[in-house]
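Summary of the model geometry
Here is what each chain is made of, one letter per residue.
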Amino acid sequence: MTVRVRFAPSPTGKLHIGSVRTVVFNWLFARKMSGRFILRIEDTDRTRYHPESLVSIFDGLRWLGLDWDEGPGLEELQKAGLQDAARYAVGGPYGPYIQSNRLHLYRAVAEELVAQGWAYRCHCTPERLAQLRAEQRARKETPMYDRHCRNLPPGAISPDEPHVIRLKVPLTGQTVVHDVVRGDAVFENAQIDDQVLLKSDGFPTYHLAVVVDDHLMEITHIIRADEWFPSTPKHVLLYQALGWETPVYCHVPLVLGTDGKKLSKRHGATSIAEFRAQGYLPDALLNFLALLGWAPGEGEEQEIFSREELIARFDLFRVNRAPATFSYDKLDWMNGVYIRSLSAEALLERLLPFWQQAGLVPDPCPEGERTRLLKIVPLVRERLRRLNEVVEWTDFMFREIEPVPAERLIGDKMTPQESLIALQRVRELLASIEPFEGEAMEQPLRALAQELGLKAGQLFGIIRWATSGKQVSPPLFGSLEAIGRERVLARLEAAEQTLATLLR
RNA sequence: GGCCCCAUCGUCUAGUGGUCCAGGACGCUGGCCUCUCAAGCCGGAAACAGGGGUUCGAGUCCCCUUGGGGCCA
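To keep things clear, this report deals only with the structure shown in the data block.

Calculation notes
Here the residue numbers are simple positions, counted from 1 along each chain's written sequence. Chain A is the first chain written and ligand 1 is the first ligand written, with later ones labelled in order. Local features are withheld for residues below a pLDDT of 70 in this predicted model, meaning they are given only at 70 or higher, and side-chain atom pairs are given and counted only at 80 or more; totals for whole chains, interfaces and linings count all residues. Water and hydrogen atoms were dropped before computing side-chain values, which therefore reflect all heavy atoms in the structure. Note on ring pairs: Phe, Tyr and Trp rings are taken, using the six-membered ring of Trp, and paired if centres are within 6.5 Å. Classes follow the plane angle, with under 30 degrees stacked, over 60 edge-to-face and the rest tilted. A ring has a charge above it when a Lys NZ or an Arg CZ is no more than 6 Å from the ring centre and no more than 35 degrees off the ring normal. One side-chain nitrogen of Lys or Arg within 4 Å of one carboxyl oxygen of Asp or Glu is enough to make a salt bridge. Working definition: helices are DSSP H or I runs of at least four residues, strands are E runs of at least two. Numbering for both runs from the N terminus. Accessible area is worked out with a 1.4 Å probe on protein chains only. A residue is then buried under 20% of its type maximum, exposed over 50%, and partly exposed in between. With a 1 Å grid spanning the protein atoms alone, the term cavity applies to any set of points in which a 1.4 Å probe fits but cannot get out, the term pocket to an open set with protein on both sides within 12 Å along at least five of seven lines, and the term lining residue to any residue with an atom within 4 Å of a point. Grid points are joined across faces, edges and corners, and a volume is the space filled by probe spheres set on the points. Polarity classes work like this: nonpolar for Ala, Val, Leu, Ile, Met, Phe, Trp, Tyr, Cys and Pro, charged for Asp, Glu, Lys and Arg, and polar for all others, with Gly in that last group.

1. A short note on the packing of aromatic side chains
As enumerated under the stated definition, the model contains 14 aromatic pairs in all. Put simply, the rings of F275, Y280, F288, F326 and Y328 touch in pairs and so form one group of aromatic residues. Looking at R4, its charged tip hangs above the ring of Y94, at a distance of 3.9 Å from the centre. It is R166 that lies over the ring of Y145; its NZ or CZ is 3.6 Å from the centre.

2. Quick word on the pattern of salt bridges
The final tally for this structure, using the stated rule, is 34 salt bridges. K330 is the salt-bridge partner of E303, the closest N and O atoms lying 3.2 Å from each other. On the criterion of sequence distance, the pair formed by E303 in the loop between α10 (282–290) and α11 (307–313) and K330 in helix α12 (residues 328–340) is long-range, its members being 27 residues apart. Residue class for E303 comes out partly exposed when judged on its relative accessible area of 31%. Two residues, R427 and E496, come together in a salt bridge whose shortest N-O distance is 2.7 Å. Of the two residues, R427 sits in helix α16 (residues 416–432) while E496 sits in helix α20 (residues 485–503), which places them 69 residues apart along the sequence. Under the relative-accessibility criterion, R427 is labelled partly exposed at 26%. Where salt bridges share partners, they join R6, R40, E42, R102, D213 and D214 into one cluster.

3. Description of the layout of surface pockets
Of the volumes computed, that of the largest pocket is approximately 1,100 Å³. Lining the largest pocket are 40 residues, with P9, S10, S19, E227 and W228 sitting closest to its centre. Counting only elements with at least two residues in the lining of the largest pocket, the list comes to β1 (4–7), α1 (17–32), α7 (206–216) and β8 (221–225). In terms of residue count, α1 provides more of the lining of the largest pocket than any other element does, 4 residues in total. Here the residues of the lining of the largest pocket sort into 15 nonpolar, 13 polar and 12 charged. Estimates place the volume of the second largest pocket at around 380 Å³. Taken together, 21 residues form the lining of the second largest pocket, with P126, L129, R133, R166 and V196 sitting closest to its centre. Of all the elements, helix α6 (residues 126–138) adds the most residues to the lining of the second largest pocket, at 6 residues.

Right, here's the structure in full:
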């Protein structure tokens, strides 16, 4: 039997990193088992529907390299009003893959359940239900439907009058949920509400739709977030009522923020688009996410895993039960590891958009500029944890700097006078040095320091401040080359003038 | 409030009754290297939530407590 798993997001907002971790598990499992990974859109909550979020879901998954084997096809996406429908269309034999195109299926199943006596029509008004809940709350009881309509004679409610369809949950007995990570869990039927299956507007609730779709799409393993666990017995009951085989459940632990609460906006970046914009590499994020709630075990101490290694090693049965806290620190470290593993050319490709977005490099990038950038890349490679940090590291190489305050231009344990002289000598030296390249500068500058009776660090510190306007910068000589002779000389001269004013 | 789940260093985790005075990684920290910052290398501090059992023996099994979380509304 072919393994079939799915990710079924609601298009109600940005693609959340917590959901993505669940997708990663689904995808890894599918690829590992040579199965199929299906993308289904659960858009039956029309009040919260946002068409743009479809794109953010597709783009996010694509960017991370989580390809889906079946999903909404061209027609469906066009119907949903998607601009670039063709870019995202996949299709498949189990469509449609957008729930709002499947309403007839849910209605048919709901009616069948009514006919079989597994469900019933209910025309209780929202007002009555609200009052009922209020009373139950006042009595400190668990709010539950009182089954008022359950025992009405069949046909008492006409299919034509407004009504919902509810599941007729057995009054006694137990429902067992088998779960790969949780083991078996037993629920008392008496505690399960007569869940609404079909709303009065003809739309299904999540509970009905998910069961119908998962069955019709022949999903074999339901890998979803832990928060769905409590509603699972309702689903199992539905499978039983319909005489369908239940899939294998696998509830994976939630991803928490540093305060132990479900990860949310206030913890930092949460949408996949934000991670992308901050310069995380897809492979690094995938690696990190895979290790949140899962570890290869067997005494394995490796933590950096390629996509292929993850697929080869992933084991659904080793997924943890405890929720995991999302650590931005560790992600940053891991991202740095991935950045450093890139060749200069590959890293340049990834850096370019960040430079361009900051307005430091024209878009498109002229070929000549490319060669220059390629020499800058090694200067920052081991300093980056996120790609967007390149802007702060290198901005002074592209644009003019703020005037440097005089006190910063005075070398360590030096007088202003000595510093000024040093600066002048450096300018003389750099004015004539050939070629104007980093490698050619080091020895002469070191010799100059010695001649002036300075430690190399003292002299270099002044040059660094004068030319970059920063205390900390990429390696000095490469930076000078990147700035270019003309600008370097001008900045040195400006620094000299600043110091001179101080001396007057 | 009801139902359910979870519990090893600050964080991610290894650990499936003896090889654990608990291993790795991030972070923190000391040092080396060094033009700054990184990277790299070497070292350090840091955990089995508590209490009862079971067992010759428990981080590992059971119960309770505590703490945390999820769902329902």
